[in-house]
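# Structural description and commentary
What follows is each chain in one-letter form.
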Amino acid sequence: MSVASVLWLAFAVFSVGLFGLLARRHAIAALLSIELMFNAVNLAIVGLSWSRGILSGVVLVLFAIAITVAEIAVGLSLVLLAARRAKTVVLDDLSELRG
Amino acid sequence: MRDAAFWVLAALMLGGAAVVVTARSLVRAAFGLAAALIATAGIYLLLTAPLLAAVQILLYTGGVLTLVVFAIVVVGGEVSGAMYRKPLAAAALSAGTFIALSSAVRGLPSRPPVAGLDAGAAIGVSLFVRDYAVPFELLSVLLLAAVIGALLLARKDGPA
Amino acid sequence: MTAAFWVLGGPAAAFAAIALVPPLRRSGRAAAYLAVAGSVVSLGAALALAAPFFLGTGVPSAVTALWAPVAGGGAIRFGLLVDGLSASMAALVALVALLVQVYSLAYMDQESKPALGRYFAYHALFAFAMQGLVLAHNLLQTYVFWELVGLGSYLLIGFYWEKPEAGRAALKAFWTTRIGDVGFALGLLVLWGATGTFVFTELFAGTADGTYAVAPIVLGLAGIYVGAMGKSAQVPLHVWLPDAMEGPTPVSALIHAATMVAAGVYLMVRVSPLLAYAPGLCAAILAIGVTTALLAGSLAIVERDLKRVLAYSTVSQLGMMMAAIGAGAPQAAYFHLLTHAFFKALLFLTAGSILHAVHTGDLFGMGRLARRMPVTAACFAAGALALAGVAPTAGFFSKDEILGAVLLGGHPIAFGLLVVNAALTAFYIGRAFFLAMGGAFGPAGHPHESPWLMTAPMIVLAAGALLGGALTPAVPRLLAASISPPVAEAGKPPMLVAALGTLAALAGFSAAWMGYQRRSFVPARVHAALGPLTTILARRYFVDDAFVFVYRRLYLGGSAAVGWFDRYVLDGAVNALAWWTWLFAGRLRRLQNGRVQDALYALVAGVILLAWLALSR
């Protein structure tokens, strides 16, 4: 197990998550994909931090996790709101913010 | 021994990610995410950061995922019609991203590094007292804002 | 020299007064008297100018004023040139104008007062323009007054504007002469480019001593001849003259006999010193002249309308004058111009007198007028004899000179054709005379002789037509100083010419007498016997049809082609551009469709690019 393999793994999961974000039609599925991406990034930071033996990476990831929690809360509220108002959770149909 | 554990956890993580993007039922996708998150926690352990692993399981898997499942229950977890939009373009772009990122994997130390990320006390001191005290306070403001925002948005008669 | 100003000033003042003072115009008679007064002043001044030249004591002079400076230090000057040629022509124009205006006082008395005022205003304008043309000091000034004369002609031909035919005839005259004027303008441009001057004397001198290259001079001359073709009704630009008979008859007498159509011949006489350098052009002028003479002569013998017979006769005589110029004898052409003015104007005035009496111009609707209108008949006879060239009328001497010049210039075929034309001339005018004055039928009603205001001018012109032969020796004196170096005198025409001319006239008259007076043969049967020839004559040699063809097929066809190009190629290009713009706009619009995942594509692509840039160092 080396840093390189950790990073490869992180990048792979990040790419899978990116695919899900771009391709899936359901809003919550997109949010889940975003979580995957976040998670991958956190993994990469921790891996690098471990390889250099410094702690700031870990602290950064702690912060990131907290922010992620906040973000997901707000995001899910938006999805609920959209479901209630526009009666749809398909991202393609939520397209009024344009022009 | 360590390597084997890592590879197992890696497989689990990737498998979970695959489930997230390919499951038609969102509940299944949520559980796929759970698997990926737990696998990550396992890898954090292997990377000698047990605090982080604990936080990962508590907050991420326990908190975020629960929220997500509740949302799925309220909103509905299936989408009628096609599951993907423009899958080919998305796949192309994802592949491109992976290739672009892969160029970062160089100049890395090849020997296994020293252990030592498990100094919980050191983390605590750095976090609360010395380096990141102010950002820590600001983080709590952020969490407050998020909570208020979420409450506001999700009210029965909307944010208006 | 100040007399020259009065030649122009008289009519100009009359025109200005009538045009600017509406009550004067609307009063009719007062305007008429004012115009006549202007003409009297003009005639007096012109005679004063011309007398010395007739007597051989005149000296050419010019007075000029600066008109426009030219870059490079030169200048265009406008002014009046007085020599034998211009002074005699000015006198002729003034005389005929005065006689016609006096005649009109009686002929047009049925017109309403404002119409009468308008008529005399146009007459004054025309007289001013014509005198300006005659006395012009340089070619550019000639061109300016040339156009003014065209305007006056348009106004006078279209005088009865309520009749659509009159309007069309006026337009046709204007457009046909315009074609010639384009050639004139091009010739002017070439001359200016080659020589830098328009002044006649400078052009003659410069070409003679070799300052100016000959080739552009010839080209410019060709352009000027094209202009003369238009005004003097040479084939194929002759088609306007018969139609111009829609105007009042006194107008025809003035414009289409004596003055405007003569302007082309006058101009060619004026520039004749330069024709010596253009033998090819002269050959063309001769050929076109002879063709014109014969074509018009043949058309005159089948015409039913008296005025149209005279119109074609004018075209034919103009062809003869141009033939003389082409044969290198401008003095013969000018002499014939002078005599023709007298007898043709006379013939038109008698035609007007007949029209006034019987209210129709159809030759087959009148007859036996000789008894009822003796003065008119006598004048008609005088004009007819002069036109046919019977000795000792003025017409005999001038026609003789032309025939002699053509023969002695080495053009036997042209000479023969012109003799044939002489026979035709006598035939058609004899036909007209016998049908109108003789014949077995008579018109309905009681035609009577015309009032003295009409007969007096006719008698004056008749005197000139009969006695004008006395001027023969004066003509070379008149032109001596103008045409310098003088064109070589071809010597007196041999008696052969006089004999042939008289023979032709007798032949023509006898044929007319036998056919229309004695009824020895029925001309209608001859018509039928000649079949297709009659058709060609009836369709006027298809010249009008040719013009219509060129306009409809070529010009309008060309316009349609240009229009197609404009609509489908030019507009098509613009429309295609617009279509492409819409297409791409439609495509680009999809970037902004409000769907977040589409925006993410752009974002991710940018991130990849940045990552690659950052990480590949």
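In case you missed it, the structure is sitting above this.
These remarks concern the structure in this document. All values derive from a computational prediction rather than experimental measurement. (Residues numbered from 1 in each chain as written. Chains lettered and ligands numbered in written order. Predicted model: local features only at pLDDT ≥ 70, side-chain atom pairs only at ≥ 80, totals over all residues.)

## Here we look at the overall build of chain C
Here is the rule we go by: A helix here means a DSSP run of H or I that spans at least four residues, while a strand means a run of E at least two residues long, and both kinds are numbered starting from the N terminus. The burial criterion counts other C-beta atoms lying within 10 Å of a residue's C-beta, which is placed from the backbone; the residue is buried at 20 or more, exposed at 12 or fewer, and partly exposed between these limits. By the convention adopted here, residues make contact when the C-beta atoms placed from their backbones lie within 7 Å.
Assigned secondary structure in chain C consists of 27 helices and two strands. With 617 residues in all, chain C has 51% of them scored as buried. Here the contacts in chain C between residues at least 6 apart in sequence split such that 82% fall between residues at least 24 apart.

## Considering the overall build of chain B
In terms of helices and strands, chain B carries six helices and zero strands. Listed by position from the N terminus, the elements making up chain B come as α-α-α-α-α-α. The buried share of chain B, reckoned over its 160 residues, is 29%. Nonlocal contacts in chain B, meaning residues at least 24 apart in sequence, comprise 51% of its contacts between residues at least 6 apart.

## So, the nonpolar core
Applicable threshold: Nonpolar cores are identified as sets of buried Ala, Val, Leu, Ile, Met, Phe, Trp, Tyr and Cys residues joined via C-beta atoms within 7 Å.
Counting 209 residues, the largest nonpolar core has Ala90(C), Ala324(C) and Leu346(C) as the members making the most contacts within it. Leave out the neighbours within four places in its chain, and Ala324(C) touches Ala329(C), Ala332(C), Ala333(C), His336(C), Ile402(C), Ala405(C) and Val406(C).

## Quick notes on the interface of chain C and chain A
Rules: Residue type decides the class: Asp, Glu, Lys and Arg count as charged, Ala, Val, Leu, Ile, Met, Phe, Trp, Tyr, Cys and Pro as nonpolar, and the leftover types, Gly among them, as polar.
Each side of the interface is counted separately: chain C has nine residues, and chain A has 10 residues. Residue composition of the side of chain C that touches chain A, grouped by class: four nonpolar, four polar and one charged.

## Looking at the interface of chain A and chain B
Between chain A and chain B, the contact holds 60 residues from the first and 76 residues from the second. Along the lines of polarity and charge, the residues of the side of chain A that touches chain B split into 43 nonpolar, 12 polar and five charged.

## What to know about helix α12 (residues 260–270) of chain C
Most of α12(C) is tucked away: 11 of the 11 residues are buried. Taken together, the buried positions of α12(C) are Met260(C), Val261(C), Ala262(C), Ala263(C), Gly264(C), Val265(C), Tyr266(C), Leu267(C), Met268(C), Val269(C) and Arg270(C).

## Observations concerning the environment of Ala62(C)
All names here are of chain C. Relative to the assigned elements, alanine 62 resides in strand β1 (residues 61–69). Linking alanine 62 and aspartate 83, residues 21 residues apart in sequence, is a C-alpha distance of 8.4 Å. Excluding its chain neighbours within four sequence positions, the residues that come into contact with alanine 62 are Gly79, Leu80, Leu81, Val82 and His137.

## Notes on helix α23 (residues 495–517) of chain C
Counting along an α-helix, one turn takes 3.6 residues, and residues three or four places apart therefore face a common direction. All names here are of chain C. Filter applied, for reference: To estimate how far a helix should extend, the number of its residues minus one is multiplied by 1.5 Å.
Its 23 residues place the ends of α23 32 Å apart at the C-alpha level, agreeing with the 33 Å of an ideal helix rising 1.5 Å per residue. Among the residues of α23, those classed as buried are Val497, Leu500, Gly501, Ala504, Ala505, Gly508, Phe509, Ala511, Ala512, Gly515 and Tyr516. Where α23 is buried, its residues meet α18 (374–388), α19 (394–408), α20 (412–437) and α24 (523–529). One or two steps after α23, the chain reaches arginine 519, where phi turns positive at roughly 60°.

## Observations regarding the packing of helix α3 (residues 56–85) of chain A against helix α6 (residues 133–153) of chain B
Selection rule: Each axis is a line fitted through C-alpha atoms, and for a helix only the stretch in contact is used; angles between axes span 0 to 180 degrees, taken between their N-to-C directions. An angle below 35 degrees is read as roughly parallel, one above 145 as roughly antiparallel, one from 65 to 115 as roughly perpendicular, and any other as oblique.
As a packed pair, α3(A) and α6(B) sit with axes 9 Å apart at the nearest point and diverge in direction by 10°. By the angle between their directions, the pair α3(A) and α6(B) is classed as roughly parallel. Across the interface between the two elements, Phe63(A), Ala66(A), Ile67(A), Ala70(A), Ala73(A), Val74(A), Ser77(A), Leu78(A) and Leu81(A) from α3(A) touch Pro135(B), Leu139(B), Leu142(B), Leu143(B), Ala146(B), Gly149(B), Ala150(B) and Leu153(B) from α6(B). A breakdown of the residues in the contact of α3(A) with α6(B) according to their chemical character gives 15 nonpolar, two polar and no charged.

## Things to note about unusual backbone geometry
Cis geometry marks the peptide bond from Val235(C) to Pro236(C); its omega dihedral reads -5°. If you trace the backbone, Pro236(C) turns up in the loop between α9 (214–231) and α10 (240–243). Backbone geometry at Lys87(A) places phi at a positive 60°, although glycine is not the residue there. With respect to the secondary-structure elements, Lys87(A) resides in the segment after α3. Judged by local crowding, Lys87(A) falls into the exposed class, with 8 C-beta atoms found within 10 Å. Positive phi values are uncommon outside glycine, yet Lys86(B) reaches one of about 50°.

## Notes on the packing of helix α4 (residues 84–107) of chain C against helix α21 (residues 452–467) of chain C
Residues and elements named next belong to chain C. Operational definition: Helix crossings are classified by the rotation of the near helix relative to the far one: an anticlockwise turn of less than a right angle makes the crossing left-handed, while a clockwise turn makes it right-handed.
Remark: α4 packs on α21, axes separated minimally by 7 Å, with the N-to-C direction vectors making an angle of 155°. If you check the angle between α4 and α21, you find them roughly antiparallel. Handedness of the α4/α21 crossing: left-handed. When α4 is examined against α21, the residues Leu99, Val102, Tyr103, Leu105, Ala106 and Tyr107 are found in contact with a partner set consisting of Leu453, Met454, Pro457, Val460 and Leu461. Grouping the amino acids of the contact of α4 with α21 by side-chain chemistry returns 11 nonpolar, no polar and no charged.

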